[in-house]
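# Topology and contacts: notes
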Amino acid sequence: GIEIIDEDENQILVQCGAGEQWHQFVMWSLSHGLAGLENLSLIPGSVGAAPMQNIGAYGVEQESAFHSLKAIDLSSGVRRIFYKAECKFGYRESIFKNEVKDQYFITHVTYLLKKKDFQLQLSYGAITDILHQKGIMQPTVIDVSEAVMDIRRSKLPDPKIIGNAGSFFKNPVISIS
């Protein structure tokens, strides 16, 4: 489920069950006029998996809206909250892929989303080109999401029609020396 935890005039704290589908959560946020996840549209998987590898697309990582998560220690059954700094997010990385791998079960993830005073991320990939092709000069979060979905659909077939493994890669990091 999705639950509003707190809000003020500028932002909203939303807790989502880890088993919810990521894309449906993004669509829920957009249907409520919330910003922060629009570039992450159409990414397959669950909300609970998103912080594990710090999913990202088109210039935005889930970390940018992430607030905290609730997890259960698999050895003791103790419930714990992990806040952003504790998660050690990096490029497709988190503490859950490294130091505490296989030690916790994520039950809920909380995101801080914007109601107003937000900056859309349009510079990555062909987002601006798609928006201009559609004649959109002042895009909304929904416009950005639809542009991202257009781009993603042009690269991968619809998994409901043709099975595919989606996008699975990590850009290599190479040292200068």
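Details of the structure are given in the entry above.
Residues numbered from 1 in each chain as written. Predicted model: local features only at pLDDT ≥ 70, side-chain atom pairs only at ≥ 80, totals over all residues. Heavy atoms only, no water.

### Describing the overall build of the protein chain
Inclusion rule: Numbered from the N terminus, helices here are DSSP runs of H or I no shorter than four residues, and strands are runs of E no shorter than two. The atom set for the radius of gyration is the C-alpha atoms, and the globule formula is 2.2 Å times the number of residues raised to the power 0.38. Buried, partly exposed and exposed residues are distinguished by accessible area as a fraction of the type maximum, computed with a 1.4 Å probe on protein chains only: under 20%, between the cut-offs, and over 50%, respectively. Contacts: residue pairs with any heavy atoms within 4.5 Å of one another. Areas reported here follow the Shrake-Rupley algorithm with a probe of radius 1.4 Å; residue values treat only the protein chains shown as occluding. Counting rule for charge: Lys and Arg are taken as positive, Asp and Glu as negative, and neither His nor the chain ends is counted. The atom standing in for a charge is NZ when the residue is Lys, CZ when it is Arg, CG when it is Asp and CD when it is Glu.
Helix and strand counts for the protein chain stand at four helices and seven strands. Its helices and strands in sequence order give the protein chain the pattern β-β-α-α-β-β-β-β-β-α-α, from N to C terminus. Over its C-alpha atoms the protein chain spans a radius of gyration of 17 Å, differing by no more than 12% from the 16 Å that the globule rule assigns to 177 residues. Taking all 177 residues of the protein chain together, 40% fall into the buried category. Taking all contacts inside the protein chain whose residues are at least 6 apart in sequence as the whole, residues at least 24 apart take part in 59%. Carbon and sulfur atoms make up 54% of the accessible area of the protein chain, which amounts to about 10200 Å² in all. Positive and negative side-chain charges of the protein chain, numbering 17 and 20 respectively, have mean locations separated by a distance of 5 Å.

### Remarks on the environment of Gln53
Structurally, Gln53 is set in helix α2 (residues 50–53). Separated by 43 residues in the primary sequence, Gln53 and Phe96 have C-alpha atoms spaced 7.8 Å apart.

### Concerning helix α4 (residues 141–155)
Under the convention used in this document: A helix is expected to span 1.5 Å for every residue after the first.
With 15 residues, α4 should cover 21 Å at 1.5 Å per step; its first-to-last C-alpha distance of 21 Å lies within 8% of that length. Those residues of α4 not exposed but buried are Val141, Asp143, Val144, Ser145, Ala147, Val148, Met149, Ile151 and Arg152. Lining the buried residues of α4 we find α1 (22–31), β3 (56–57) and α3 (127–133).

### Details of the pattern of salt bridges
A side chain with one charge may pair with a side chain of the opposite charge, provided their charged atoms come close. Rule in force here: Here, a salt bridge means any side-chain nitrogen of Lys or Arg that lies within 4 Å of a carboxyl oxygen of Asp or Glu.
All told, the structure shown has five salt bridges when counted by the stated rule. Across the salt bridge formed by Lys115 and Glu7, the nearest N and O atoms sit 2.4 Å from each other. Placement of the pair is Lys115 in the loop between β7 (104–114) and α3 and Glu7 in strand β1 (residues 2–7), with a sequence separation of 108 residues.

### A look at the layout of surface pockets
To be explicit about the condition: Only protein atoms enter the 1 Å grid used here, on which a cavity is any set of points holding a 1.4 Å probe that cannot leave and a pocket is any open set flanked by protein within 12 Å on both sides along at least five of seven lines; residues with an atom within 4 Å of a point are listed as lining. Grid points are joined across faces, edges and corners, and a volume is the space filled by probe spheres set on the points. Residue polarity is assigned by list, with Asp, Glu, Lys and Arg as charged and Ala, Val, Leu, Ile, Met, Phe, Trp, Tyr, Cys and Pro as nonpolar; anything else, Gly included, falls into the polar class.
Of the volumes computed, that of the second largest pocket is approximately 280 Å³. In terms of lining residues, the second largest pocket is bounded by 13 residues, among which Gly36, Ser64, Lys114, Gln119 and Gln121 are the most central. Here the lining of the second largest pocket is composed, by residue class, of five nonpolar, five polar and three charged.

### Digging into the packing of α1 against α4
To keep it simple, the criterion reads: Angles shown run from 0 to 180 degrees and are taken between the N-to-C directions of axes, each axis being a line fitted to C-alpha atoms and, for helices, limited to the stretch in contact. Any angle from 65 to 115 degrees is called roughly perpendicular, while one under 35 is roughly parallel, one over 145 is roughly antiparallel, and all others are oblique. Each crossing is labelled by how the near helix is turned from the far one, with a counterclockwise turn of less than a right angle marking it left-handed and a clockwise turn marking it right-handed.
The interhelical angle for the contact between α1 and α4, taken along N-to-C directions, is 150°, at an axis separation of 10 Å. Here α1 is positioned roughly antiparallel relative to α4, judged by the angle of their axes. Considering only the axes of α1 and α4, their crossing is left-handed. Across the interface between the two elements, His23, Met27 and Leu30 of α1 pack against Val141, Ile142, Ser145 and Met149 of α4. Residues belonging to the contact of α1 with α4 are distributed by class as follows: five nonpolar, two polar and no charged.

### As for the pairing of β1
The following threshold applies: Note: two strands are recorded as paired if DSSP finds a minimum of 2 bridges between them.
Taken together, the five bridges between β1 and strand β2 (residues 11–17) define a ladder with antiparallel strand orientation. Looking at β2, one finds that Ile4 is bridged to Val14. Hairpin connection, β1 to β2: the antiparallel pair is bridged by three residues.

### Quick word on α1
One turn of the α-helix equals 3.6 residues, which is why residues spaced by three or four share an orientation. Of all ten residues in α1, seven are buried, a share of seventy percent or more. Inspection of α1 places Trp22, His23, Phe25, Val26, Trp28, Ser29 and Leu30 among the buried residues, and these make up the whole buried set. Structurally, α1 contributes buried residues whose contacts are with β1, β2, α2, β7 and α4. Just downstream of α1, Gly33 is the residue with a positive phi angle, here 70°.

### With respect to the nonpolar core
Test applied: Nine residue types can take part in a nonpolar core, namely buried Ala, Val, Leu, Ile, Met, Phe, Trp, Tyr and Cys, and a core is a set of them joined through side-chain atoms within 4.5 Å.
With 45 residues, the main nonpolar core has Trp22, Phe25, Leu37, Leu69, Phe96, Tyr111 and Leu113 as its most contacted residues. Where this core is concerned, the elements lending two or more residues are β2, α1, β5 (66–73), β7, α3 and α4. Here Leu113 is in contact with Asn10, Gln11, Ile12, Val14, Ser29, Leu34, Ala35, Gly36, Leu37 and Ala65, once residues within four sequence places are set aside.

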